[in-house]
Amino acid sequence: MADLASGMMTTDSASGTAAMTGSGSLPVHQTRLIFATLAVVILCQIWLIFAKAINWDEFLHFGQVYELQAGQLGSSIQTLPTRLFSWATDVSDDIISQIQAIRLVMLACAVLAAAAVVALARRLVRFEIALLSGLVFLTAGFVFTNAFTYRTDPVAAAALMWALYVFASGQLNWKRVALTGLLVGFAGALTIKSIFYLPCFAAFAWLRWTEKGEGRLRRFLEFCSVGLVAMLCFALLVGLHGAGLPASEAQGSNVQRSLGNFLRFFEFQKIRYVFAQAAFAPVVTAGLIALPFVARNMSSRTIIMLLGLCGPLLCILFYRNTFPYFFTFLLPPICVAIAPVLERAVTRYGQVPVIGFALLGPIFLLTQEPWGTLERQRATIDEVERLYPEPTPYLSYSGYMPHYPRQFPSLISGVGLRRYWEQRSGQIAEDIEAGRIAFVIATGDALDAIYASDEPTPFLPERDIAALRTNYLQHSDTIYLLGREICPAAQVQDVLIVRSGPWSLDGGSLTIDGRRIGDGATVRLEAGVRQIGYTEGTCLKLWGLDHVPQLPEGFPGGPIAGSF
């Protein structure tokens, strides 16, 4: 069997056969609408690359590129993209433009994954339906708005799907064995969740194993060789990548921690995104529901293949990070599996209703996008660069200033916050009091809650909360700069200055250690407790800068956290 076709064709239905010409091609009119819709969808995604806000996860991962260049990247596990995309920092001086350049590559990878969906689905259904399967993937809810975001998911999905195609198609010679292993090893070096595709490969391996006319020993050696090449490729890529990194904890410990963080059996911490995805991708959801009924009359070989293609869905039971970006990785084999359902639907209802339902999710998500966030992100980055021309340590939920050193990356997740409470509780306050945090970008639950009100919050220890509220002044909706608010008091006040350097007074005059300081004046202060005299008037601001900061005219207000 050259391409597993004998076990993979669903049916010789009249509708499927009649649509085919003698050469296996289709009349142009049957594919024209699908090609046109695909073109519109891809063009819309290209537009979104430059219009949609950068989400926190993109900032986080792009920050690792700068960590690599600064010699501060601590692990080679799942950080290979930092080398693949380090060129992006030379594209422009603008951080947003750098990420958008990578987004273009991500979209190209997603389109490659869609092409693999078409190629594999063609083994099950006629070309028209296979092409429709690729369209269903690119329009599948969150895939539409996240296929181009900077993550390993689009790249790994493309590599794994084409590895599946190479493994499943044609005579399995040693060239195909090597190429399959290289693609799988490359995907594994990108992300350890590549293992979720194992049921897909297992199903195709079983089909190969049960072919007639092939020696079992040869097949066994070929399968072992695929695994061996994959492991060697993985070890080589991770090893070469890690060789240039500073010494850190053992890679085994990194893998163990990653698995412990993200594998949580039956906890379903992000299950809301799974339900949202099911609603925003109605064709995929309906296809999965209908698949058991459509597959009843298929051969056992085809059913096994379909089960293997749907196997990655099992990861929902234990994988913690089912964020919207994850579905670009998860859904390609599922969109192949539902191809027989799409064929039945098109035969009964035609192309237009199926395409229409596939577009419902993208249309709805476009209406929900918080337009204007990208401009606020760019303005925030520009403002921080204006205030601090040299990279300066800061605190934030994610790497909103990727090229500046960020303190406490653990604020990024609930797992990290829990580890912070267990291992480093109060360290934020210590760093603030030592003058190691110049500004705060207040996004994310923990920091938003601190500055939204004076009430206690459960996210951080009280000492950290007090230090963050006491030592930073609001400059914009999200930027908080090092500074102290000085309110009138009958007696001289002892005020802790946490950082040596220039401090500027805003709003009135006062005395510092007996020296009179006028409104708008800048004075150099040494870190430590200073005696400040201010007896009447409104509260003043003492900024930890060489000038009193003013927002540029027209600076956009509002949140900077980008949505998925």
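Our structure's up above, just so we're on the same page.
Described below are features of the structure shown in this document. (Residues numbered from 1 in each chain as written. Predicted model: local features only at pLDDT ≥ 70, side-chain atom pairs only at ≥ 80, totals over all residues. Heavy atoms only, no water.)

Thoughts on the layout of surface pockets
Empty space among the atoms can be located by rolling a probe the size of a water molecule over them. The volume enclosed by the second largest pocket comes to roughly 530 Å³. Val184, Ile195, Leu198, Gly227 and Ala230 are the residues nearest the centre of the second largest pocket, which is lined by 22 residues in total. Elements represented by at least two residues in the lining of the second largest pocket include exactly helix H8 (153-168), helix H9 (174-190), helix H10 (198-209) and helix H11 (216-243). It is H11 that provides the largest number of residues to the lining of the second largest pocket, a total of 8 residues. (1 Å grid on protein atoms, 1.4 Å probe; cavity = no way out; pocket = protein on both sides within 12 Å on 5 of 7 lines; lining within 4 Å. Points joined across faces, edges and corners; volume = space filled by probe spheres on them. Helix = DSSP H or I, 4+ residues; strand = E, 2+ residues; numbered from the N terminus.)

Looking at helix H3 (residues 56-69)
Counted at 1.5 Å a residue, the expected span for H3 with its 14 residues is 20 Å, and the 21 Å between its end C-alpha atoms agrees. The element H3 is extensively covered by neighbouring structure, given that 12 of its 14 residues are classed as buried. Here H3 has its buried residues at Trp56, Asp57, Glu58, Phe59, Leu60, His61, Phe62, Gly63, Gln64, Val65, Tyr66 and Leu68. On its buried side, H3 packs onto helix H4 (81-84), helix H5 (95-121), H11, helix H19 (373-387) and strand S2 (406-407). Put simply, Asn55 is the residue that caps the front of H3, since its side-chain oxygen is 2.9 Å from the backbone nitrogen of Asp57. (Expected span 1.5 Å × (residues − 1). Buried < 20%, exposed > 50% of the residue type's maximum accessible area, 1.4 Å probe, protein only. Contact = heavy atoms within 4.5 Å. Polar contact = N/O pair within 3.5 Å; in protein donor to acceptor, adjacent residues only side chain to side chain.)

Observations regarding the state of the cysteines
For the structure on display, the rule yields 1 disulfide. Residue Cys487 pairs covalently with Cys539 via a disulfide, S to S 2.0 Å. Sign of the S-S torsion, about 105° for the bond between Cys487 and Cys539, identifies this disulfide as right-handed. Here Cys487, found in the loop between strand S5 (479-486) and strand S6 (493-497), pairs with Cys539, found in the loop between strand S11 (528-533) and strand S12 (540-543); they are 52 residues apart in sequence, far enough to count as distant. (Disulfide = S-S within 2.5 Å.)

Some details on the sheet that holds strand S8 (residues 510-512)
If you trace the 4 strands from one edge of the open sheet to the other, you get S6-S11-S8-S9, paired in antiparallel fashion. If you trace the sheet from one side to the other, it starts and ends with S6 and strand S9 (515-517), each paired once. Taken over all neighbouring pairs, the strand axes of this sheet differ in orientation by 40° on average, direction set aside. Pairing analysis gives 5 bridges linking S6 to S11, with the strands arranged antiparallel. Bridging from a neighbouring strand, Gln493 pairs with Ile532 of S11. (Pairing = 2+ DSSP bridges. Axes fitted to C-alpha atoms, helices over the stretch in contact; angles between N-to-C directions.)

Quick notes on the side chain of Thr139
Inspection of the secondary structure puts Thr139 in the loop between helix H6 (127-138) and helix H7 (142-146). With sequence-adjacent residues up to four places away left out, Thr139 is seen in contact with Val41, Phe144, Ala358, Leu359 and Pro362.

Here we look at the pairing of strand S7 (residues 501-506)
Pairing analysis gives 4 bridges linking S7 to strand S10 (residues 522-525), with the strands arranged antiparallel. Bridge pairing in S10 links Ser504 to Thr522. Across 3 bridges, S7 lies against S12 in antiparallel orientation. Residue pairing across strands places Asp506 opposite Lys541, the latter belonging to S12.

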